Amino acid sequence: QVQLVESGGGLVQAGGSLRLSCAASGRTFSIYAMGWFRQAAGKEREFVGVISWSGRNTYVADSVKGRFTISRDNAKNTVYLQMNSLKFEDTAVYSCAAQTGTAGKYDYWGQGTQVTVSS
């Protein structure tokens, strides 16, 4: 089992920044990639980005490219989502998830953290 706990969400004005954290515990040796997703009210879940567990490879969706970056602290088993130049449309519940089996399939999910951007 892998446990994921997100933190760092909150209310921010448009143009501001937030950094989300996702702390992993349990069988972290089984993780080979971590993803970030978001879901706005009334909308489908959207992929935001992914980072390999080594931290060497990252990818972010075009919708956030140039504004969001993903990084990892190996010592803390924590993945970060740095969000800059936030827009109203970035408002959503952000969740992290871990890939431990089939590539591209996320097996474990955090509880999510709310990010609200005021215009």
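Preceding block: the structure.
The rules behind each value
- Residues numbered from 1 in each chain as written.
- Predicted model: local features only at pLDDT ≥ 70, side-chain atom pairs only at ≥ 80, totals over all residues.
- Heavy atoms only, no water.
- Helix = DSSP H or I, 4+ residues; strand = E, 2+ residues; numbered from the N terminus.
- Buried < 20%, exposed > 50% of the residue type's maximum accessible area, 1.4 Å probe, protein only.
- Polar contact = N/O pair within 3.5 Å; in protein donor to acceptor, adjacent residues only side chain to side chain.
- Salt bridge = Lys/Arg side-chain N within 4 Å of Asp/Glu carboxyl O.

A. View of the side chain of Arg-67. Locating Arg-67 in the fold gives a position in the loop between strand S6 (58-60) and strand S7 (68-73). According to the relative accessible area criterion, Arg-67 is buried, its value standing at 12%. Among the polar contacts listed, one links the side chain of Arg-67 to the backbone oxygen of Ser-85, at a separation of 3.0 Å. A polar side-chain atom of Arg-67 sits 2.7 Å from a polar atom in the side chain of Asp-90.

B. Structural view of the pattern of salt bridges. This structure, assessed with the given rule, holds five salt bridges. Notably, a salt bridge pairs Arg-38 with Asp-90, separated by 2.8 Å at the nearest N-O pair. Pair noted here: Arg-38 is in strand S4 (residues 33-39) and Asp-90 is in the loop between strand S8 (78-83) and strand S9 (92-99), with a separation of 52 residues, a long-range link. Owing to a relative accessible area of 8%, Arg-38 belongs among the buried residues under this scheme. Exposure remark for Asp-90: the relative accessible area of 1% places this residue in the buried category. With a shortest N-O distance of 2.7 Å, Asp-90 and Arg-67 are connected by a salt bridge. In this pair, Asp-90 sits in the loop between S8 and S9 while Arg-67 sits in the loop between S6 and S7, placing the two residues 23 residues apart along the sequence.

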